[in-house]
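Chain residues, written in single-letter form:
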Amino acid sequence: MKDQPPQGLRYPWENPPEEGTATQVAPGVLWMRLPLPMKLDHVNIYALDEGDSWTVVDTGFASRRTKAIWRTLMDGPLQGKPITRVIVTHHHPDHVGLAGWLQSEFGAELLTTRTAWLFSRMLTLDEQAVPSDESIAFYQSAGMDPEVLARRRVERPFNFADVVAPMPLGFTRLKQGDVIEFGGRQWDIHTGNGHAPEHATFWSRDDNLVIAGDQILPSISPNIGVYATEPMADPIGDWLESCERFAGIARPDHLVLGGHKLPFTGLPMRLSQLIDNHHGALSRLLAFIDTPKAAGECFAPLFKRSIGDGEYGLALVEAVAHVSHLYQSGLATRTLRGDGAWVYQRKE
């Protein structure tokens, strides 16, 4: 979704740490950053001091460059102390990509939610040279641009195995309501949904820290999409429920350590912004579908900006999520068009 204004939020650090360096954001808590080869060109990772070792949160893509940066961090800011635990907030490859490498090469214990582990391991094993028939049918049902669809039919699709290291068997499960200790603090685990199923967030009982992954970001809204794996999912409904639940425990002084952008305070206002942003998008979309339209024809009211080739895929799955939410909420109808696309229309 469109970037949100930072009104009411405060950013204690104006600039992120340079590659291979770390910024201390709280006693024993280091913020580091790894590069990504996409428009959102970074992911934040965190290391928490255990005295004679480290617990790290999230890992970046699996690539030679990222591994080299990790080794620089291990020798530099991490002071040569071993990484004994790696916590993965959710299954997306910029967060889980090197979890298996940290397990197999350094003996770290992997902690994550059951859904995140199952998705990660399943997707790394599901390597495809060209999109499956089910994926092509899903793209058609979303109203994908015919030129884009023609390219997708013959191109190698995005494969987790390309950027996620093999994952050994075995992990420690995290779940909603658990209390976990790391970095000299006790943390309540609250899981969210929408951006990723069973996404773990961590709320310190001992100070004002919240490790939020991609569930709560300060200046962008996390991508919320529907995919061929579960075409009737309702991640918009799931995500709004999560935001509303988190709003009940958020404090203005919480320092939120997210998966992207900068750490910030002002969490209650940010949650309000995120909720309002999606309700506003749904309202604009409902007005827009006064005549039947496929998801791929609904970018204008949702994003209010042009969508480039690099963003097209994520925009399409997010458009599907929004029109499908209107349909599943009883606010719109849908019918199958002659070209195989579902078209949605506002109920009168």
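Residues numbered from 1 in each chain as written. Predicted model: local features only at pLDDT ≥ 70, side-chain atom pairs only at ≥ 80, totals over all residues. Heavy atoms only, no water.

**Student:** Sorry if this is basic, but what is going on with the overall build of the protein chain here?
**Tutor:** Within the protein chain, the secondary structure is distributed over 11 helices and 15 strands. Its C-alpha atoms give the protein chain a radius of gyration of 20 Å, near enough to 20 Å, the size a compact globule of 348 residues would have. With the C-alpha coordinates of the protein chain rotated into their principal frame, the extents come out at 65 × 45 × 35 Å. In the protein chain, which comprises 348 residues, the share counted as buried stands at 54%. In the protein chain, 66% of the contacts between residues at least 6 apart in sequence involve partners at least 24 apart. By element, 52% of the accessible surface of the protein chain is carried by carbon and sulfur atoms, the whole surface being about 14,800 Å². When the 32 basic and 42 acidic side-chain charges of the protein chain are each reduced to a single mean position, those positions are 2 Å apart. (Helix = DSSP H or I, 4+ residues; strand = E, 2+ residues; numbered from the N terminus. Rg over C-alpha atoms; globule rule 2.2 N^0.38 Å. Buried < 20%, exposed > 50% of the residue type's maximum accessible area, 1.4 Å probe, protein only. Contact = heavy atoms within 4.5 Å. Areas by Shrake-Rupley, 256 points an atom, 1.4 Å probe, with all protein chains shown as cover. Lys, Arg positive; Asp, Glu negative; His and termini not counted. Charge placed at Lys NZ, Arg CZ, Asp CG, Glu CD.)

**Student:** Help me out: how do you make sense of the pattern of salt bridges in this one?
**Tutor:** Opposite charge on two side chains permits them to pair, given that their charged atoms come into close proximity. By the definition in use, this model includes 16 salt bridges. The salt bridge partner of D162 is R156, with a shortest N-O separation of 2.7 Å. For D162, a relative accessible area of 41% translates into the label partly exposed. Looking at R156, the relative accessible area reads 41%, which means it is partly exposed. In this structure, E348 and R346 form a salt bridge, with 3.5 Å as the shortest nitrogen-oxygen distance. Classification of R346 by relative accessible area gives partly exposed; the value is 25%. The network of salt bridges with shared partners includes K39, R305 and E311. (Salt bridge = Lys/Arg side-chain N within 4 Å of Asp/Glu carboxyl O.)

**Student:** So what exactly am I meant to see when it comes to the sheet that holds strand β8 (residues 179-182) here?
**Tutor:** In a beta sheet, neighbouring strands pair by backbone hydrogen bonds and run either parallel or antiparallel. With respect to topology, 5 strands assemble into an open sheet ordered β8-β9-β10-β11-β12, the strand pairing being mixed. Single-partner strands in this sheet number two, and they are β8 and β12 (255-258). In this sheet, neighbouring strand axes are inclined to one another by 30° on average, regardless of whether the strands run parallel or antiparallel. Both strand β11 (residues 209-213) and β12 contribute to a ladder of 4 bridges, which runs parallel. Paired with L209 across the strands is L255, a residue of β12. Running over the sheet, helix α8 (residues 235-247) touches β9 (185-192) and β10 (199-204) and is turned about 145° from β9. (Pairing = 2+ DSSP bridges. Axes fitted to C-alpha atoms, helices over the stretch in contact; angles between N-to-C directions.)

**Student:** Would you mind going over the pairing of strand β3 (residues 42-49) with me for this structure?
**Tutor:** Side-chain positions along a regular strand alternate between the two faces of the sheet. For β3, the tally of buried residues reaches 7 of 8 residues, placing the bulk of the element in the interior. Taken together, the 7 bridges between strand β2 (residues 29-35) and β3 define a ladder with antiparallel strand orientation. Bridge assignment links V29 to a residue of β3, and that residue is L48. Note that β3 and strand β4 (residues 54-57) share 4 bridges and pair antiparallel. Paired with D49 across the two strands is W54, which belongs to β4.

**Student:** Just to check I follow, could you spell out helix α9 (residues 267-288) for this structure?
**Tutor:** An α-helix turns once per 3.6 residues; consequently, residues spaced three or four apart project the same way. Over its 22 residues, α9 runs 31 Å from end to end, which matches the ideal 32 Å to within 8%, given 1.5 Å per residue. Residues of α9 that are buried include every one of L267, R270, L271, Q273, L274, I275, N277, H278, A281, L282, L285 and L286, and no others. On its buried face, α9 sits against β10, α8, β12, α10 (299-303), α11 (309-328) and β15 (342-346). (Expected span 1.5 Å × (residues − 1).)

**Student:** Sorry if this is basic, but what is going on with the layout of surface pockets here?
**Tutor:** Vacant regions in the atomic arrangement are exposed by a probe of water-molecule size rolled over the atoms. Of the pockets and cavities examined, the second largest pocket occupies roughly 170 Å³. Going through the elements one at a time, α5 (133-141) and α6 (146-154) are the ones with two or more residues in the lining of the second largest pocket. (1 Å grid on protein atoms, 1.4 Å probe; cavity = no way out; pocket = protein on both sides within 12 Å on 5 of 7 lines; lining within 4 Å. Points joined across faces, edges and corners; volume = space filled by probe spheres on them.)

**Student:** Would you explain the environment of R85 in this entry?
**Tutor:** Topologically, R85 is positioned in strand β5 (residues 83-87). Put simply, R85 and R205 are 120 residues apart on the chain and 20 Å apart in space, counted from C-alpha to C-alpha. Among all residues touching R85, those that are not within four sequence positions of it are E50, W54, T55, V56, A108, E109, L111, I180, E181 and F182. A polar side-chain atom of R85 sits 3.3 Å from a polar atom in the side chain of E50. (Polar contact = N/O pair within 3.5 Å; in protein donor to acceptor, adjacent residues only side chain to side chain.)

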